[in-house]
Amino acid sequence: QVQLMESGGGLVQPGESLRLSCTGSGFIFSRYTMYWYRQAPGKERDFVAFITENADTLHYSDSVKGRFTISRDNARKMVYLQMSRLEPEDTAIYYCNFFDEKEIWGQGTQVTVSS
């Protein structure tokens, strides 16, 4: 069964950091570009970052560029999102994702940035 499972969310103060993790199972993880998306309350799900199979290409949304870093460990079937200098506007449910004939999503992990 193909699955993605995110973890690492929580409540942090503005300016702090957090690292999200996503574990893949049931598919050959190293063959896929992996994505992070987020959905803030009352808003659509938005792209955050992607990383290609061999990590040779990384891309970020303008809103997180310079603050977030995506990485992966193919041996562990994991993709990470290191988030720094967090802002209240980063509050959202964060999802990892890949595409194989259809979109595959995890259940998400909540990140709340508040003082």
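Values in this document were obtained by computation on a predicted structure and should not be read as measured data.

Engineer: How should the sheet that holds strand S7 (residues 68-73) be read in this particular structure?
Structural biologist: If you walk across this open sheet you meet the four strands as S1-S3-S8-S7, and the pairing is antiparallel. The open sheet has two free edges, formed respectively by strand S1 (3-7) and S7, since each of these has just one partner strand. Neighbour to neighbour, the strand axes of the sheet diverge by 15° on average, direction disregarded. Both S1 and strand S3 (residues 18-25) contribute to a ladder of five bridges, which runs antiparallel. Across the sheet, residue Leu4 finds its bridge partner in S3, namely Gly24.

Engineer: Help me out: how do you make sense of the side chain of Ser21 in this one?
Structural biologist: Take Ser21: it is sitting in strand S3. Take Ser21: its relative accessible area is 10%, and that puts it in the buried class. Those residues in contact with Ser21, other than ones at most four positions away along the chain, are Met5, Glu6, Ser7, Trp36, Met78, Val79 and Tyr80.

Engineer: Which parts of the structure should I look at to understand the state of the cysteines?
Structural biologist: Throughout this description, disulfide means a covalent bond between two cysteine sulfur atoms. Applying the stated criterion across every chain, the model contains one disulfide. Shown here is the disulfide that connects Cys22 with Cys96, its sulfur atoms set 1.9 Å apart. One quick way to see it: the torsion about the S-S bond of Cys22 and Cys96 is about 50°, and its sign makes the bridge right-handed. Pair noted here: Cys22 is in strand S3 and Cys96 is in strand S9 (residues 92-99), with a separation of 74 residues, a long-range link. Its relative accessible area of 0% is what places Cys96 among the buried residues.

Engineer: Please explain unusual backbone geometry as it appears in this structure.
Structural biologist: Excluding glycine, residues mostly carry a negative phi; peptide bonds, for their part, are mostly trans. Despite not being glycine, Ala55 has its phi angle at roughly 65°, a positive value. Relative to the elements of secondary structure, Ala55 occurs in the loop between strand S5 (45-51) and strand S6 (58-60). Not every positive phi belongs to a glycine, and Lys77 is a case in point at roughly 60°. Its location among the elements puts Lys77 in the loop between S7 and strand S8 (78-83).

Engineer: Looking at this structure, how should I read the pattern of salt bridges?
Structural biologist: A side chain of one charge can pair with a side chain of the opposite charge if their charged atoms are brought near each other. Following the criterion strictly, the structure yields five salt bridges and no others. For Arg67, the salt bridge is made with Asp90, and the minimal N-O distance between the two is 2.7 Å. Of the two residues, Arg67 sits in the loop between S6 and S7 while Asp90 sits in the loop between S8 and S9, which places them 23 residues apart along the sequence. Neither Arg67 nor Asp90 differs from the other in exposure class; each is buried. The residue Arg76 makes a salt bridge to Asp73 at a minimum N-O spacing of 3.8 Å.

What counts, and where the lines are drawn
Residues numbered from 1 in each chain as written. Predicted model: local features only at pLDDT ≥ 70, side-chain atom pairs only at ≥ 80, totals over all residues. Heavy atoms only, no water. Pairing = 2+ DSSP bridges. Helix = DSSP H or I, 4+ residues; strand = E, 2+ residues; numbered from the N terminus. Axes fitted to C-alpha atoms, helices over the stretch in contact; angles between N-to-C directions. Buried < 20%, exposed > 50% of the residue type's maximum accessible area, 1.4 Å probe, protein only. Contact = heavy atoms within 4.5 Å. Disulfide = S-S within 2.5 Å. Salt bridge = Lys/Arg side-chain N within 4 Å of Asp/Glu carboxyl O.

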